[in-house]
Amino acid sequence: MATLTETAYVARRAIKYGSLGLLGITVLWFVGVGAVNYWKATHPEPPPPPTADFGPLPAIKFPQSGGVVKEYGLQTADGKLGKYPDRMDVYSAPTQKSGFGNETSALELARQLDFLFEPTKLSKSVYRFTAQEPLPTSLEINIVTGAFMFKRQWQADPSLIVNKRFVGDRQVVTDAQNFMRQAGIYEDDLVGEEKTRYFRVTGDQLIGANSLSEADFVEVELFRKPINLIDAKKKVVASYPFLTPDPLKGVVAILVSGTADDKKKIINVDYRYVTVNYEVVGSYPLKTVELAWEELKSGSGYIASFNGSGKAVVRRVGLGYYDAAGDQSYTMPIYVFRGDNDLVAYVSAVDESEIKK
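Not measured: the values here are computed from a predicted model.

Secondary structure summary: the protein contains five helices and 20 strands in total. Buried residues in the protein amount to 40% of all 357 residues. Long-range contacts, defined as pairs at least 24 residues apart, comprise 68% of the intrachain contacts of the protein with a sequence gap of at least 6. For the protein, the exposed surface amounts to about 20,600 Å²; the carbon and sulfur share of it is 55%.

We now examine the nonpolar core. Phe148, Met180, Val252 and Ile254 are the most contacted members of the largest nonpolar core, which totals 38 residues. Elements with a minimum of two residues in this core: α2 (102-112), β4 (126-131), β5 (137-142), β6 (148-152), α4 (169-183), β9 (217-222), β13 (252-257) and β14 (266-271). Ranked by residues supplied to this core, first place goes to α4 with six residues. Leaving out residues up to four positions away in the same chain, Phe148 has contacts with Leu109, Leu139, Glu140, Ile141, Ile185, Val269, Asp270 and Tyr271. Membership of the second largest hydrophobic core comes to 29 residues, among which are Tyr72, Leu81, Val276 and Leu319.

So, on to the sheet that holds β4. Read from one edge of the open sheet, nine strands run β3-β4-β5-β6-β14-β13-β9-β7-β8, paired in antiparallel fashion. Whereas interior strands pair on both sides, the edge strands pair on one side only; in this sheet they are β3 (120-121) and β8 (205-208). Of the strand pairs in this sheet, β6 and β14 are connected by four bridges, and their pairing is antiparallel. If you follow Lys151 over to β14, its bridge partner there is Asn268.

Looking now at the pattern of salt bridges. Inspection of the entire model under this criterion finds 17 salt bridges. The closest approach of N and O atoms between Asp157 and Lys264, which form a salt bridge, is 2.7 Å. With Asp157 in the loop between β6 and α3 (159-162) and Lys264 in the loop between β13 and β14, this pair connects stretches of sequence that are 107 residues apart. For the pair Asp157 and Lys264, a shared accessibility class is recorded, and that class is buried. Taking the shortest distance from any N to any O, the salt bridge between Arg197 and Glu221 comes out at 3.5 Å. Residue Arg197 is located in strand β7 (residues 194-202), and its partner Glu221 is located in strand β9; the two are separated by 24 residues in the primary sequence. Three or more residues joined by partner-sharing salt bridges are found here, namely Arg197, Glu219, Glu221 and Lys249.

If you walk through the whole model with that rule in mind, you get one cavity of 30 Å³ or more. Its boundaries defined by the atoms lining it, the largest cavity holds a volume of some 90 Å³. Around the largest cavity, the lining is made up of 14 residues, and of these Ala93, Ala324, Ala325, Gln328 and Thr331 lie nearest the centre. Of the residues contributing to the lining of the largest cavity, the split by class is nine nonpolar, three polar and two charged.

Below, the discussion takes up α4. Taking 1.5 Å as the rise per residue, α4 with 15 residues should run 21 Å; its terminal C-alpha atoms sit 22 Å apart, in good agreement. Those residues of α4 that sit buried are Val172, Val173, Asp175, Ala176, Gln177, Phe179, Met180 and Ala183. On its buried side, α4 packs onto α2, β7, β9, β13 and β14. Once α4 ends, the next one or two residues include Gly184, with phi positive near 75°.

Now for the sheet that holds strand β15 (residues 277-285). With respect to topology, three strands assemble into an open sheet ordered β15-β2-β18, the strand pairing being antiparallel. Each edge of the open sheet is held by one strand with a lone partner, namely β15 and β18 (330-331).

The relative placement of two aromatic rings is captured by the distance of their centres and the angle of their planes. According to the stated counting rule, one finds 19 aromatic pairs in the structure shown. With 5.8 Å between their ring centres and 35° between their planes, Trp293 and Phe337 make a pair best called tilted. You can see Trp293 sitting in helix α5 (residues 289-297) and its partner Phe337 sitting in strand β19 (residues 333-339), a full 44 residues away along the chain. Both residues of the pair, Trp293 and Phe337, belong to the buried class.

Reading the values: rules and limits
- Residues numbered from 1 in each chain as written.
- Predicted model: local features only at pLDDT ≥ 70, side-chain atom pairs only at ≥ 80, totals over all residues.
- Heavy atoms only, no water.
- Helix = DSSP H or I, 4+ residues; strand = E, 2+ residues; numbered from the N terminus.
- Buried < 20%, exposed > 50% of the residue type's maximum accessible area, 1.4 Å probe, protein only.
- Contact = heavy atoms within 4.5 Å.
- Areas by Shrake-Rupley, 256 points an atom, 1.4 Å probe, with all protein chains shown as cover.
- Core = buried A, V, L, I, M, F, W, Y, C linked by side-chain atoms within 4.5 Å.
- Pairing = 2+ DSSP bridges.
- Salt bridge = Lys/Arg side-chain N within 4 Å of Asp/Glu carboxyl O.
- 1 Å grid on protein atoms, 1.4 Å probe; cavity = no way out; pocket = protein on both sides within 12 Å on 5 of 7 lines; lining within 4 Å.
- Points joined across faces, edges and corners; volume = space filled by probe spheres on them.
- Nonpolar A, V, L, I, M, F, W, Y, C, P; charged D, E, K, R; others polar.
- Expected span 1.5 Å × (residues − 1).
- Phe/Tyr/Trp six-rings, centres within 6.5 Å; stacked < 30°, edge-to-face > 60°.

The quantities given are spatial measurements derived from coordinates; they are silent on function.
Dropping the structure here:
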């Protein structure tokens, strides 16, 4: 029969080795969990394939290139093209197929802009309104797409040049935005980049000016707000801007005078805004940036801007969305190449396997 001393000895050893065993199991548990988590972090499950909800997409219809490049050179900060996602969203941007019911909207816009007389129908879809006060003015509106061109003959009033006074760029932008709000054409997503361009009068023409102090008129360019990707911490991890065929021109361009007369403040409006339905969306695979680069070098891209000759040097590469202003039924991603001599070039980014042949 074991004595109390022997029993105590065995109990102490059992507690000792039991504690060591428990400690070992605990350590192994944490090491195992850490190893599993590390494996999951370094070997994440591949995301599901792109949904391609709209089926094969029509190819982007770029206009004729705005320059000629015979050769490209790559001189980015690290000498590389960069890394980009393998997919991006495509958004529905339906162009209306019929003008039924839209004549009323066109007439309402004309009334908002003080056109009192019936329009001339230039075609089944294009109406032209005219007015003589406060300046000879015309409004041509496409009742199918909603795009319109508003023009005042600023040449008919020399006081617009003589009595000009611009407070600053911010005030000019505000004047343009107020005009749009009063006309009922200001949209929620027209809060992207705002650019101002300066013009001075030569004869009866407008040419570029270098500064606001030299300007007789200022053109305000309004762009859509970019598509931002937000992580779990609500931090923007990527931002994709909208770009038009002319990267200097927004989807809405408004020429503003420096007069104190509010009725003569807005001179021209080029409105090419088309609704993008951000709720109707599908993800599509992207071609690699290397393939896009080869397409650009082979002449398949669209040169939106280039003031050089011969060789073009690319300094930056990124992704964005092409704002076709009603020429496409979908808003699609593009690779954007920027460089010296105002080079801006686009290449369609959606993989060719998802483009209608």
